[in-house]
Amino acid sequence: MLALYLRDLRMGIRSGGGALTGVLFFLAVIVTIPFGVGPDLNLLARIGPAILWIGALLASLLGLDRLFQADREDGSLDLLVLNSDRHMLALTVFVKCLAHWSASVLPLVVAAPLLGLFVNMQPLGIGAAALTLLVGTPAIVFVGAAGAAVTVALPRGGLLISVLVLPLVIPVLIFGVTASYGAVNDPDPFMPPFLILCALTMFLAVIGPLAAAIALRSGTD
């Protein structure tokens, strides 16, 4: 599993600049929002956590179609499906999700504090938003794995993945933004939504790879 993680991590870093594309898209979203809402710095600071989360969510969806694409093209996906039972295949998908998150989504989390300065966020708010992104973005990848498994055989499945995944990750977005607001708004709590966000990520870490394994096995039958 470690060898698989390192292999997918190297492939994710080398293939098409996925991390750079995601960060540039993230930057484009953050820079564009002030033109729409106006130059009010107080307003930007209030909605800053939501801007960061929406930008990171949309950027995370960009590379999900590549999660199984390379393995399908070289035939290794069929070998993984045929030589593994359902639980081992789910574990394999889990490792691939971790590698994809490390290569494509983790750079977004690293860039979030710098981009938070562009919307006049407080240091505490920036730290809270980065922490919630660190905890919550893996859930997006786990859900995306199921969508990528369903559309892996389709020639233009990238858009369909976004349509399938986006409604399912709305709870992650809600609790991530709520926890970020709770860190800077005194009456609002931080820990309850943050703990729910952690629970969602752990729940989807089990359900997402298992659903993806079932979809991959069904696709080969």
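Residues numbered from 1 in each chain as written. Predicted model: local features only at pLDDT ≥ 70, side-chain atom pairs only at ≥ 80, totals over all residues. Heavy atoms only, no water.

### Some words on the overall build of the chain
Argument step 1. A count of helical and extended segments in the chain gives 10 helices and 0 strands.
Argument step 2. Walking the chain from its N terminus toward its C terminus, one meets helices and strands in the order α-α-α-α-α-α-α-α-α-α.
Argument step 3. Taken over the C-alpha atoms alone, the chain extends approximately 55 × 35 × 30 Å along its principal axes.
Argument step 4. Expressed as a percentage of its 221 residues, the buried residues of the chain come to 46%.
Argument step 5. At a minimum sequence separation of 6, the contacts of the chain that also span at least 24 residues come to 83%.
Argument step 6. When the accessible surface of the chain is totalled, it reaches about 10,800 Å², and 72% of it is carbon and sulfur.
Argument step 7. One finds the centroid of the 10 positive side-chain charges in the chain at a distance of 6 Å from the centroid of its 11 negative side-chain charges. (Helix = DSSP H or I, 4+ residues; strand = E, 2+ residues; numbered from the N terminus. Buried < 20%, exposed > 50% of the residue type's maximum accessible area, 1.4 Å probe, protein only. Contact = heavy atoms within 4.5 Å. Areas by Shrake-Rupley, 256 points an atom, 1.4 Å probe, with all protein chains shown as cover. Lys, Arg positive; Asp, Glu negative; His and termini not counted. Charge placed at Lys NZ, Arg CZ, Asp CG, Glu CD.)

### Digging into the packing of helix α3 (residues 41–60) against helix α7 (residues 123–150)
A pair of packed helices is characterised by two quantities: the angle between their axes and the separation of those axes.
Argument step 1. Interaxial distance between α3 and α7 falls to 11 Å at its minimum, and their mutual angle equals 30°. The angle between the axes of α3 and α7 places the two elements in the roughly parallel class. For the crossing formed where α3 meets α7, the hand is right-handed. For the pair formed by α3 and α7, the contact residues are L52, W53, A56, L57 and S60 on the first element and A129, T132, L133, G136, T137 and I140 on the second.
Argument step 2. Of the residues that constitute the contact of α3 with α7, the class distribution is 7 nonpolar, 4 polar and no charged. (Axes fitted to C-alpha atoms, helices over the stretch in contact; angles between N-to-C directions. Parallel < 35°, antiparallel > 145°, perpendicular 65-115°, else oblique. Left-handed = near helix turned anticlockwise from the far one by under 90°. Nonpolar A, V, L, I, M, F, W, Y, C, P; charged D, E, K, R; others polar.)

### Structural notes on the UniProt feature "transmembrane region" (unreviewed entry) in the chain
Argument step 1. As annotated by UniProt and renumbered to match this structure, "transmembrane region" (unreviewed entry) occupies residues 12–35, 47–68, 89–118, 124–152, 159–182 and 194–216.
Argument step 2. Along residues 47–68 the backbone is 64% helical and 0% strand, and the end-to-end C-alpha distance reaches 35 Å.
Argument step 3. As annotated, residues 124–152 has a helix share of 93% and a strand share of 0%, and its two end C-alpha atoms lie 41 Å apart. (UniProt positions renumbered as here; feature names shortened; annotations may be inferred.)

### Quick word on unusual backbone geometry
Argument step 1. Residues other than glycine seldom take positive phi values, yet N120 does so here, at roughly 65°.
Argument step 2. The partly exposed category is assigned to N120, whose relative accessible area is 35%.

### Examining helix α9 (residues 170–184)
Residue pairs three or four apart in sequence face the same way in an α-helix, which turns once every 3.6 residues.
Argument step 1. For α9, spanning 15 residues, the distance from its first C-alpha to its last is 22 Å, which sits close to the expected 21 Å at 1.5 Å a residue.
Argument step 2. Residues of α9 that are buried: V172, L173, G176, V177, A179, S180 and G182. (Expected span 1.5 Å × (residues − 1).)

### Topic: the nonpolar core
Argument step 1. Core analysis: the biggest nonpolar cluster contains 59 residues, and F26, W53, F68 and L216 have the highest contact counts within it.
Argument step 2. At 13 residues, the largest contribution of residues to this core is made by α7.
Argument step 3. If sequence neighbours within four positions are ignored, L216 has contacts with F68, L77, V81, L89, V93, A149 and V152. (Core = buried A, V, L, I, M, F, W, Y, C linked by side-chain atoms within 4.5 Å.)

### Focus: α7
Argument step 1. Here α7 is 28 residues long and its end C-alpha atoms lie 41 Å apart, about the 40 Å a rise of 1.5 Å per residue gives.
Argument step 2. At L134, α7 shows its largest kink, close to 35°, and the proline P138 lies no more than four residues downstream.
Argument step 3. Buried residues dominate α7, accounting for 22 of its 28 residues. (Bend = angle between axes of the 7 residues up to and from the residue.)

### Some remarks on the environment of N83
Argument step 1. With respect to the helices and strands, N83 occurs in the loop between α5 (76–82) and α6 (86–118).
Argument step 2. Look at N83 and you get exposed, because its relative accessible area is 64%.
Argument step 3. Taking the C-alpha atoms as reference, N83 lies 52 Å from N185; in sequence the two are 102 residues apart.

### Focus on the side chain of T92
Argument step 1. Tracing the backbone through its elements, the reader meets T92 in helix α6.
Argument step 2. The class for T92 is buried, based on a relative accessible area of 5%.
Argument step 3. Excluding residues within four positions of it along the chain, T92 makes contact with M1, L4 and L80.

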